Amino acid sequence: MIRVAVIDRHPVMRAGIEAILGGASGVRVVAGADGGDLHGIAHTLYRTAPDVVMVEDAPGRADGVELAREIKANCPGARVLLHADRPDAVQVASAILADADGIVDSGSQPRELVEAVRTIAAGGNEFPELGARDRGDLARRLPAEDHAILAMRLAATPRREISETLRMDARAVRRRLAAMIGRLRAATLPPVPSAASS
């Protein structure tokens, strides 16, 4: 049984996702939480120990991504799946830089949401493909010294390997990734086409 917590600022969206997941075989929603209540989220995750945490993300705001970073840092066993309305390349790259395990369109068909949760729970990743143009646009938003880190993270290089390659300690890499997310999120890009629409 896959245990899922759903974190979203919007009660109606949260209830809808919970209903979709709750009706799926082998999936159990163990908690729901308001994305703005950080204390409540920490308590909920500690109390329920979910396998997958679905976290709302929105363009121009980094709180969903920041929450994903905190969950990955403090609950190493939890897998994090961001959900967003038509995620753009910045949101996809930010999720990858934050060590999330995937990002899915909130408006996807119910079976696609359930399959994304199953993929994440099984140890896989669920990210839309970023094309060469998207990668170029992302790189242009960052200083040249961050391009190698961006390329490595988009290629799923573990942070430990990045630390070793660049001879930076883990805390410096974490700070650098946070700064990169902030720069990327300063403006938005067009949505990334989903696999279903291509």
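Scroll up for the structure.
It should be emphasised that the depicted structure is a prediction, and the values quoted were computed from it without experimental measurement.

What counts as what
Numbers given for residues are sequential positions, taken from 1 along each chain in its written order. The predicted origin of the model limits local features to residues at a pLDDT of at least 70 and limits the giving and counting of side-chain atom pairs to 80 or more, whereas totals for whole chains, interfaces and linings rest on all residues. Excluding hydrogens and water, the side-chain figures rest on all heavy atoms present in the structure. Every helix listed is a DSSP run of H or I at least four residues long, and every strand listed is a run of E at least two residues long, numbered separately from the N terminus. Contact criterion: two residues are considered in contact whenever any of their non-hydrogen atoms come within 4.5 Å of each other. Each residue is assigned to one of three classes by its accessible area relative to the maximum for its type, calculated with a 1.4 Å probe on protein chains only: buried under 20%, partly exposed between the two thresholds, exposed over 50%. Each pair of strands is called paired provided DSSP finds at least two bridges between the two strands. A crossover gets the label right-handed when its path from the first strand over the helix to the second runs clockwise, viewed with the strands pointing away from the viewer.

Draft legend 1. Summary view of the overall build of the protein. Secondary structure assignment for the protein yields 9 helices and 5 strands. Along its sequence from the N terminus, the protein presents helices and strands in the succession β-α-β-α-β-α-β-α-β-α-α-α-α-α. With the C-alpha coordinates of the protein rotated into their principal frame, the extents come out at 45 × 35 × 30 Å. By sequence separation, contacts in the protein at least 24 residues apart represent 68% of the contacts at least 6 residues apart.

Draft legend 2. Fine view of the pairing of strand β1 (residues 2-7). The element β1 is largely enclosed, with a buried count of 5 among its 6 residues. When β1 meets strand β2 (residues 27-33), the two strands line up parallel, connected through 6 bridges. Of the residues in β2, the one forming a bridge with Ile 2 is Val 27. Handedness of the crossover is the feature at issue here: the chain leaves β1, passes through helix α1 (residues 11-22), returns alongside β2, and the resulting connection is right-handed. Two strands pair when backbone bridges link them, and β1 and strand β3 (residues 52-56) are joined in this way by 4 bridges, in the parallel orientation. Its bridge partner lying in β3, Val 6 is registered against Met 54.

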